[in-house]
Amino acid sequence: MRTQVGIIGAGPAGLLLAQMLHQRGIDSVVIEARSRAHVESRIRAGLLEQGSVRTMTEAGVADRLHREGLVHRGLELRFGGQGHRVDLADLTGGKVVTIYGQQEAVKDMIALRLAAGLPLHFEVADVAIHDMATARPRITWTQDGVAQSLDCEVIAGCDGFHGICRPAIPAADLRIFDRIYPFAWLGILAQSRPMSEELIYARHTHGFALATMRSTSISRLYLQCAPDEDLSLWSDDRIWSELRARLGGALEEGPILQKGVTAMRSFVAEPMRHGRLFLAGDAAHIVPPTGAKGMNLAIADVRVLVRALEHFFAGRGEALMDRYSATCLDRVWKVQRFSWWMTQLLHRYDDHDDFEERVRLAELDYLAGSTAALTTLAENYVGLPYAD
Ligand code: RFL
Ligand code: PHB
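Read on for an overview of the structure. (Residues numbered from 1 in each chain as written. Chains lettered and ligands numbered in written order. Predicted model: local features only at pLDDT ≥ 70, side-chain atom pairs only at ≥ 80, totals over all residues. Heavy atoms only, no water.)

1. Comments concerning the site of ligand 2
Put simply, the rule is: For each residue, the test is whether any non-hydrogen atom lies within 4 Å of the molecule or strand; if one does, the residue is near. Between N or O atoms, a polar contact is any pair within 3.5 Å; within protein, one atom must be a potential hydrogen donor and the other a potential acceptor, and residues adjacent in sequence are included only when both atoms are from side chains. Shrake-Rupley sampling with a 1.4 Å probe provides the accessible areas, and residues are treated as covered by the protein chains on show and by no other component. Throughout, the ten residues Ala, Val, Leu, Ile, Met, Phe, Trp, Tyr, Cys and Pro are labelled nonpolar, Asp, Glu, Lys and Arg are labelled charged, and all others, Gly among them, are labelled polar.
Around ligand 2 sit 13 residues, and of these Tyr201, Thr212, Arg214, Tyr222 and Pro289 come closest. The contact in question runs from an oxygen atom of ligand 2 to an N or O atom on the side chain of Tyr201, over 2.7 Å. One of the side-chain N or O atoms of Arg214 is found 2.8 Å from an oxygen atom in ligand 2. For ligand 2, whose accessible area on its own is 280 Å², the fraction buried by protein is 97%. The class makeup of the residues in the shell around ligand 2 is seven nonpolar, three polar and three charged.

2. With respect to the nonpolar core
What counts is decided by this rule: To form a nonpolar core, buried Ala, Val, Leu, Ile, Met, Phe, Trp, Tyr and Cys residues must be joined to one another through side-chain atoms within 4.5 Å. Partly exposed describes any residue whose relative accessible area lies between the buried limit of under 20% and the exposed limit of over 50%, with all areas from a 1.4 Å probe on protein chains only and scaled to the type maximum. We call two residues in contact when some of their heavy atoms are within 4.5 Å.
Of all hydrophobic cores here, the largest spans 78 residues; its most connected members are Ile7, Leu16, Leu17, Met56 and Ile139. Among all residues touching Leu16, those that are not within four sequence positions of it are Thr55, Met56, Ala59, Val61, Met109, Ile299 and Val302. Counting residues in each nonpolar core, the second largest holds 34 residues, with Val97, Leu210, Phe338 and Leu374 among its members.

3. Brief notes about the packing of aromatic side chains
So the rule is basically this: Planes of paired rings set the category: under 30 degrees apart is stacked, over 60 is edge-to-face and the rest tilted, where pairs are Phe, Tyr or Trp rings (Trp by its six-membered ring) whose centres lie within 6.5 Å. In DSSP terms, a helix is any run of H or I states spanning at least four residues, a strand is any run of E spanning at least two, and both are numbered starting from the N terminus. Over a ring means this: the NZ of a Lys or the CZ of an Arg is within 6 Å of the ring centre and within 35 degrees of the ring normal.
Applying the stated rule across the entire model yields eleven aromatic pairs. Seen from their ring centres, Phe183 and Tyr349 are 5.2 Å apart, and the 85 degrees between their planes marks the pair as edge-to-face. Taken together, the positions of Phe183 in strand β13 (residues 175-190) and Tyr349 in the loop between α10 (319-346) and α11 (354-369) put the pair 166 residues apart, joining distant regions of the chain. Aromatic pair Tyr201 and Phe208: ring centres 6.2 Å apart, planes at 45 degrees, arrangement tilted. The class for Phe208 is buried, based on a relative accessible area of 0%. Among the aromatic residues, those joined into a cluster by ring pairs are Trp185, Tyr201, Phe208, Tyr222 and Tyr381. Taking NZ or CZ as reference, Arg238 lies 3.6 Å from the ring centre of Trp234, over its face. Its guanidinium or amino end placed over the ring of Tyr381, Lys293 lies 5.8 Å from that ring's centre, counting from NZ or CZ.

4. Side note on the site of ligand 1
In the vicinity of ligand 1, 34 residues are found, and the nearest of them are Glu32, Arg42, Gln102, Asp282 and Met295. Contact distances for ligand 1 include 3.2 Å between an oxygen atom and a backbone N or O atom of Pro12. Within the backbone of Ala33, one N or O atom sits 3.1 Å away from a nitrogen atom of ligand 1. Notes on ligand 1: free accessible area 1000 Å², of which the protein chains cover 87%. Elements with a minimum of two residues in the shell around ligand 1: α1 (12-23) and α9 (294-313). Along the lines of polarity and charge, the residues of the shell around ligand 1 split into 17 nonpolar, ten polar and seven charged.

5. A closer look at the pattern of salt bridges
Heads up, the rule is: Salt bridge criterion: a side-chain nitrogen from Lys or Arg within 4 Å of a carboxyl oxygen from Asp or Glu.
Summed over the entire model, instances satisfying the criterion amount to 23 salt bridges. For Arg331, the salt bridge identified is with Glu49, shortest N-O distance 3.2 Å. Separated by 282 residues along the polypeptide, Arg331 in helix α10 and Glu49 in the loop between β3 (47-48) and α3 (50-58) bring together distant segments of the chain. Residue class for Glu49 comes out buried when judged on its relative accessible area of 3%. Residue Asp178 pairs with Arg265 through a salt bridge whose shortest N-O separation is 2.8 Å. With Asp178 in strand β13 and Arg265 in strand β17 (residues 256-270), this residue pair connects regions lying 87 residues apart in the sequence.

6. Some thoughts on the sheet that holds strand β16 (residues 219-225)
Under the convention used in this document: Strands are treated as partners if at least two bridges between them are detected by DSSP. Note on method: axes are straight lines fitted to C-alpha atoms, helices fitted across the in-contact stretch only, with angles between N-to-C directions ranging 0 to 180 degrees.
In space, the eight strands of this open sheet follow the order β6-β5-β14-β15-β16-β13-β17-β20, with mixed pairing throughout. Edge strands, defined here as strands with exactly one partner in the open sheet, are β6 (82-86) and β20 (285-286). Two elements, β13 and β17, share 13 bridges in a ladder whose sense is antiparallel. Along β17, the bridge assignment pairs Ile188 with Lys259. Set on the sheet, helix α8 (residues 236-247) makes contact with β5 (75-79), β13, β14 (199-202), β15 (209-213), β16 and β17; between it and β16 the angle comes to about 85 degrees.

7. Focus: unusual backbone geometry
The linkage connecting Glu270 with the following residue, Pro271, adopts the cis geometry, with an omega of -10 degrees. Residue position: Pro271 is located in the loop between β17 and β18 (273-274). Its identity as a non-glycine residue notwithstanding, Glu123 has a phi of 55 degrees, on the positive side. With respect to the helices, strands and loops of the structure, Glu123 is situated in the loop between β8 (120-121) and β9 (125-130). Judged by its relative accessible area of 51%, Glu123 is exposed.

In structure tokens:
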């Protein structure tokens, strides 16, 4: 088999890349380790920046997103038992964010690709990359026990944090920046009306909590917990009572549909390219979810990669491919900074002394009362402008 771009991973990065390349007449083959049912039911991100929605709209994958997505013009910060509304739209000249489940976006993109008869292979195993330093890199895998080989001109490593693409780059050619936080999030999906029409980010003496949603009848709620938290110690009653304590206000309870613990980490691998292998999305970087940036950053990488590949396949040379990593990393580090800042501001650190606690509360109080400080938060939250 041969193609122009071999894409490893059918998450948001891989699927959007495949679709945007198809729009430009560039062939690709997507391979995915898990089953279609698995990737379509994996509950993860929910918040899209305005630019992500625009990118998905231009890519032709946003019809249902526009019908079912919930547009939010603001959010609430809660601390010291009081809520403070942040008017994102007012602070950013009208920009908004949209709630739409990542797995819904993934379902839409898979359906579109399969309906168009374009190659997307699930449940592949033993994926390996060969000759990535040459102009004819190759991907091999097995499917149903049969060995497969794909000759490519470019390989896109969109296989997430635990994929094989980043580790395939020689360690000496990669610089890793990593920070692991001393807490995690216990997340639930519940059949209950959201607490409020907008997201609530709460800082409480027990720790952080977040009230978000997937629809007007499904809530998504998160609680700061220990990184090695034992879920079996969290009965539904305990979860609801802790959420009530941290979020304050009226919280409607309902059947819990899903529970999980998410680790918190900041991670960047530089550069995001090795020869003809280009990393995009979580394969290259991870942010803690407090800023709601992971999927948005994956989409931003894909935009840059599509432009570079469009130039290359139009015979206009490799200049944009050469700039791919630096262009992406410029945004990645700004988003890392914002995600780290939101995380440290809103979480409880067991090793922090009273001085640090007072400084954090002063910062929150300053933030809530300063249009300058809120504008900084808002313009990062709705998404920084793209370089192009
Ligand atoms: P993904 O989604 O991990 O997709 C990678 C795909 O590659 C497959 N794969 C392989 N395929 C073939 N061969 C191999 N050897 C393979 N190894 C792996 C995997 O099965 C998978 O299908 O990465 P991608 O596309 O880069 O997308 C990144 C996003 O998924 C991620 O950043 C976000 O979910 C992060 N995130 C959030 N991002 C936001 O923008 N807004 C949010 O509100 C938000 N909330 C969150 C989040 C992540 C969370 N968790 C669970 C980590 C909330 C949570 C709780
Ligand atoms: C979500 O809806 O899952 C979500 C929203 C905002 C965040 C993190 C997760 O900061």
